[in-house]
Structure formats: structure tokens, C-alpha cells
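# Inside the fold
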Amino acid sequence: MNKQKDIIVIGGGIIGVSAAYYLAMQGRSVTLIEKDEICAGSSFGNAGLIANGFAIPLPAPGMPSQGLKLLLDSTSSFYIKPRPNLDLLRWLWKFYRACNEKQMLQSIAILLSLGQGSFDLFDELFAKEGTDFSYEHKGRLILYTSEDSYQGGVADAALLRDFGVEASLLDAEGIRKIEPNVLPAVTHGIYCADYAHVTPDRLTHEMAALAKSQGVELKTGISVTGFETSGQQISAIRTTEGIFTPDQVVLAAGAWSPVLANSLKLRLPIQPAKGYSLTYKRPPTSPQLPLSLAERKIAVTPMGEMLRFTSTLELAGFDPSINQQRLETIRRSVKEYLPGMEELEQETVWSGYRPATPDDLPIIERNKKFKNLILATGHGTLGMTQGLITGKLVAQIVAGKQPSIDLAPFRADRF
Ligand SMILES: Cc1cc2nc3c(=O)[nH]c(=O)nc-3n(C[C@H](O)[C@H](O)[C@H](O)COP(=O)(O)OP(=O)(O)OC[C@H]3O[C@@H](n4cnc5c(N)ncnc54)[C@H](O)[C@@H]3O)c2cc1C
């Protein structure tokens, strides 16, 4: 069966549903195709931070010496599984080349513009759609137990001040005024007000519901298996439920985007970067705002009735196995900072694949090779933050409008 469509969005994570919503708001007829169910990928169990503050990209000048040592240690929060994989080696080389001060400073400005873009869109959506998305704007507190790592945080705060990011440096007393539920081992903190947080699956499902209310057809349980092309056009999409012939295609398949792009002979430098979360019934001693446990690289996010811990970045390909040692490290580490974490109840373990590019910036463009293909992928560690603004940018690309943010840093051929 051949189904004529205006625009097909591939992928039902935060990027795909946001793109579908903003396209439909422009009056386009949109079908979203998701191989599983809405929010089955990385958008489900993540930390839910909408980060417009401490936006330092992963590739930074100190990373090759300090970070690569960590990355090869299978017990650390960062890990690369050594394997002879050409795509991974290319990715690592590009990552290494992005680890310089000039690029880091450029990326900070870009990340902040994306973060601010999403903050503005949340405000606009609350006003227009009257839904709260479980969004809370309480800031984020980074906790330190060692002087050394605190000094690293102070240097980051000084750097970010040049970009207009305000952060408060706190002593033990100052921390407890903001968050009383911390252990004596915590001696320093940095508070950044420009952070909000959401329950990520709720945000994604609510964006999907808004898209549907604007006429988007959500087709779940259908997998895109390939494409047919004619010159510089994608002429058809092959799926497990037949052939679709859209005018335009938005590829928003997260960590799976390079697999689909390969079938178009497009090479996208995106690696699946696995992370874990542990979610519990919220205990009486729960913190009231999101925390970062600096030395252990763990994010702690209170989400309504739940409390979630997230950590680790594993470059190990699509490996669904759960590393129990890592989970145990997370469980043990939170007890170094927070009281009442010994008897947490109703644990849910989750892992997901961040779609990671070597420079920690997404790929958002109308493709040069296939003129009716829009790429919206590679959002790495910040896809929840950048979802709404990416959706808006995709709609502007399709409409041929001047994008509200310069798209040059997001070109696929920048690497
Ligand atoms: C542990 C962890 C913590 C994180 N914390 C944060 C945070 O605090 N703040 C933040 O901003 N970001 C965070 N992130 C990153 C964020 O989760 C991702 O960047 C974001 O979810 C990516 O969204 P996406 O829509 O691109 O991908 P996904 O949510 O993975 O969606 C892609 C979808 O495409 C579908 N798909 C794939 N292939 C096909 C196909 N062939 N046909 C049809 N459908 C297909 C998949 O099933 C999937 O549903 C975190 C990630 C992890 C892992």
C-alpha cells in the first residue's frame, strides 16, 4: 500500500514529538512513525533537567588527559568499551579534536542560546496550552565533598559568568539554607538558578498529546526499514507496514538515526552513549530541588512522587546489559551526600542511549544531499533541554523561514 503524506517524522522521543507539534502548528499535515511506543527511548528515564545554566560541553581542554583515563576504567562513571569499531574510532578522534578552549567557548554560547530558546518556549506553551508538563523552575545545586573538585566548580562558575550565567558559591551553612537535607560531609556548593526540571516521560507524552490535538497522526509499533531515493529526493520510506511517500522527512530517531542515515549513505557521527537511572518512591528526606553530586557525577532529581538518580556515560554500542557494579556504585555514592538513602523503596532500574555527537552539539539541518530530508538528532546529554527549540527550528526550516537561532553550528558536515 502506498500512503501519500505531507511530512513524516521518524521517532517518537522528545525531539520527534516536538517537531511534529510545531510543524502541525504551522498547518502542515504530519505523521509520526515510532517503532515502539511514544517515549520508548532516551526520553523516558533521564534526569529531566532543563539546563540553561552550567552548560559546559563534554569535550573540554582537560578531557583528553583526565577524561580518557576515566573512560577506560570500567568502574568509573564514564567508560569506553575498547573494541575495533571504525565509527567509534572516528568519533573519538573528532571528540579529541573538539577538546580545545576555542571550541569549548563557542559551544557554551551555543548551548546557552538553545537552553534559553527552550525556556522561552516553555513559557509560551504554558500561556497557550495551559498544561504544566510537571515543569518546576527551582534551579540546581551542585554539592561538593572535596576542596579540589569545588575549586574546579569555582573555575567553571567564573568562566560562565562571562556568558552572563549567575551562580552562587556556597559554604556549608549557605547550602543548608537552600537544601537542609544533606550530610556533614558536604562542605561546599554552587547554586545555579537557570535550571528547571520535568518528569521527562510526562513532558514527552504531553507534547505528543498536544501534537495529536493539532492533527498529527501518531503511528506506533511501525519501524522504518529504509528509503527509496530519486536524485536529490527521498521518494519513499519503507516501513514494516508498507511504503509511505511523504513530501518531506524529519529524521529524529535519536541514537538510531545513524543506522537509518547509513541506508542513505549519509554518515552521522553519533554514538549511543548509555546512561542509567534508578528511580524510587520519594522518601521523607528527599531533597526539594535537583542536585548534582559533583565527585560522583550523579544527578539527583525529585520528580513529583519519585526521586531519581542518574549517572554514567558508556560508549559500548547498543548493549542492553545492565552493569550491576555501576548501579551499586550509584546506590552507595548517594549515601555519602544525602541522609535517609539506606532504605529506599520501589526501585526501578532504567538504561537509555543518549545520541552523542563528538562536539556535544546536535545536528539540525535541511540535508544538502537529500533536499527533502531534515535532520534533527544527536542531542546527546541535553535532548530534554533542547527538545522544544529543536522542534521550533525544524518547523522554521520546513517553512523556509529565517531560523530563530543560527543553524551553522548544527550542520551535519561540520565534523
Ligand atoms: C541517564 C541519562 C540522563 C539524561 N539526563 C538529561 C537531562 O537531565 N537533561 C537533558 O536535557 N537531557 C538528558 N539526557 C539526554 C536526553 O535523554 C536525550 O538527549 C533525548 O532524550 C534524545 O531524544 P530523542 O528524541 O533524540 O531520542 P529518543 O528519546 O531515544 O527517541 C528516538 C525514538 O526513535 C525511535 N526509533 C528508532 N529507530 C526507529 C525506526 N527505525 N523507526 C521508527 N522509530 C524509530 C526509538 O524507538 C525512539 O523512541 C539524559 C540521557 C540519559 C541516558
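The structure reproduced in this document is the subject of the present report.

About the criteria used
Residues numbered from 1 in each chain as written. Predicted model: local features only at pLDDT ≥ 70, side-chain atom pairs only at ≥ 80, totals over all residues. Helix = DSSP H or I, 4+ residues; strand = E, 2+ residues; numbered from the N terminus. Buried ≥ 20, exposed ≤ 12 C-beta atoms within 10 Å, placed from the backbone. Contact = placed C-beta atoms within 7 Å. Core = buried A, V, L, I, M, F, W, Y, C linked by C-beta atoms within 7 Å. Expected span 1.5 Å × (residues − 1). Near = placed C-beta within 6 Å. Nonpolar A, V, L, I, M, F, W, Y, C, P; charged D, E, K, R; others polar. Axes fitted to C-alpha atoms, helices over the stretch in contact; angles between N-to-C directions. Parallel < 35°, antiparallel > 145°, perpendicular 65-115°, else oblique. Left-handed = near helix turned anticlockwise from the far one by under 90°. Pairing = 2+ DSSP bridges. Arc of directions from axis to C-beta.

### Here we look at the overall build of the protein chain
Each helix and strand in the protein chain was counted, giving ten helices and 19 strands. Structurally, the protein chain occupies a C-alpha span of about 65 × 50 × 40 Å along its principal axes. Counting over 415 residues, the protein chain shows a buried share of 48%. Partitioning the intrachain contacts of the protein chain with sequence separation of at least 6 by distance along the chain shows that 77% fall at a separation of at least 24.

### So, unusual backbone geometry
Positive phi, normally seen in glycine, also occurs at cysteine 39, with a value near 65°. For cysteine 39, the position within the fold is in the loop between strand S2 (30–34) and strand S3 (49–51). Phi is positive for threonine 312, close to 75°, though the residue is something other than glycine. Within the element layout of this structure, threonine 312 appears in strand S16 (residues 306–315). The buried category is assigned to threonine 312, around which 21 C-beta atoms lie within 10 Å.

### Observations regarding the nonpolar core
Side chains of nonpolar character tend, in soluble globular proteins, to be buried together. One finds Ile10, Ala20, Leu143, Val250, Leu251 and Val394 to be the most contacted residues of the largest nonpolar core, which totals 118 residues. Looking at this core, the element that brings in the most residues is helix H1 (residues 14–25), giving nine residues. Those residues in contact with valine 394, other than ones at most four positions away along the chain, are Ala19, Tyr22, Leu23, Val250, Ile374 and Ala376.

### Some details on helix H4 (residues 101–129)
Residue pairs spaced three or four apart in an α-helix point in one direction, given the helix's 3.6 residues per turn. The end-to-end C-alpha distance of H4 is 41 Å, a good match for the 42 Å that 29 residues give at a rise of 1.5 Å each. Listing the buried residues of H4 in full gives Met104, Ser107, Ile108, Ile110, Leu111, Leu114, Gly115, Ser118 and Phe119. Against S3 and helix H10 (383–399) lie the buried residues of H4.

### Thoughts on the site of the ligand
Contacts to the ligand come from 42 residues, most closely from Gly13, Gly41, Gly254, Gly275 and Gly383. Contributions of two or more residues to the shell around the ligand are made by H1, S2, S3, strand S13 (271–281), strand S17 (348–356) and H10. For the shell around the ligand, a count of residues per class yields 17 nonpolar, 21 polar and four charged.

### Describing the packing of H1 against helix H7 (residues 200–213)
Two quantities define a packed helix pair, namely the angle between the axes and the distance from one axis to the other. Their axes nearest at 8 Å, the elements H1 and H7 cross at an angle of 25°. Judged by the inter-axis angle, H1 sits roughly parallel to H7. The hand of the H1/H7 crossing is left-handed. Mapping the contact onto sequence places Ile14, Val17, Ser18, Ala20, Tyr21 and Ala24 in H1 and Leu203, Thr204, Met207, Ala208, Leu210 and Ala211 in H7. Partitioning the contact of H1 with H7 into residue classes produces ten nonpolar, two polar and no charged.

### What to know about the pairing of S13
Counting buried residues in S13 gives eight out of eleven residues, a clear majority hidden from the surface. The pairing of S13 with S17 spans nine bridges and is classified as antiparallel. In the sheet register, serine 277 faces S17, and the bridge partner there is tryptophan 350. Sheet analysis places S13 next to S16, joined by eight bridges and oriented antiparallel.

### Section: helix H3 (residues 86–98)
The end-to-end C-alpha distance of H3 is 18 Å, a good match for the 18 Å that 13 residues give at a rise of 1.5 Å each. Among all positions in H3, only Trp91, Phe95 and Ala98 are buried. Buried positions in H3, seen along its axis, are confined to an arc of 60° and lie on one side of it. In this structure, H3 carries Leu86 and Leu89 as exposed residues pointing more than 90 degrees from its buried face. Looking at the buried positions of H3, the neighbouring elements they touch are H4 and S13.

### Quick look at the pairing of strand S15 (residues 298–303)
Regular strands place their side chains on alternate faces of the sheet. With six of six residues buried, S15 is to be regarded as a mostly interior element. Of the two faces of S15, the one holding Ile298, Val300 and Pro302 and the one holding Ala299, Thr301 and Met303 are both buried throughout. The antiparallel hairpin formed by strand S14 (residues 291–293) and S15 contains four residues in its connecting segment, where lysine 297 sits at a positive phi of about 50°. In this structure, S15 lies alongside S16, joined through six bridges in antiparallel fashion.

### With respect to the environment of arginine 354
By the element assignment, arginine 354 lies in strand S17. When the C-alpha atoms of arginine 354 and glycine 11 are compared, they prove to be 14 Å apart, with 343 residues separating the residues in sequence. Among all residues touching arginine 354, those that are not within four sequence positions of it are Ser42, Ala255, Ala273, Gly275, Gly380 and Thr381.

### Focus: the packing of H1 against H10
In contact at an axis separation of 7 Å, H1 and H10 are set at 40° when each is read in the N-to-C sense. As summarised for this structure, H1 and H10 are arranged oblique, according to the angle between their axes. H10 is crossed by H1, and the crossing has right-handed handedness. Residues Ile14, Ile15, Ser18, Ala19, Tyr21, Tyr22 and Leu23 of H1 lie in contact with H10, whose contacting residues are Gly383, Met384, Gly387, Leu388, Thr390, Gly391, Lys392, Val394, Ala395 and Val398. Split into classes, the residues belonging to the contact of H1 with H10 amount to eleven nonpolar, five polar and one charged.

### Observations concerning the environment of leucine 388
Relative to the helices and strands, leucine 388 is located in helix H10. Residue leucine 388 is classed as buried on the basis of its 28 C-beta neighbours within 10 Å. Those residues in contact with leucine 388 that sit more than four places away from it in its chain are Ser18, Ser118, Leu121 and Phe122.

### Focus: the environment of arginine 414
Within the secondary structure, arginine 414 sits in the segment after H10. Residue classification places arginine 414 among the partly exposed residues on the basis of 15 C-beta atoms within 10 Å. A C-alpha to C-alpha distance of 16 Å links arginine 414 and proline 258, two positions 156 residues apart in sequence.

Honestly, it's all geometry; don't read function into it.
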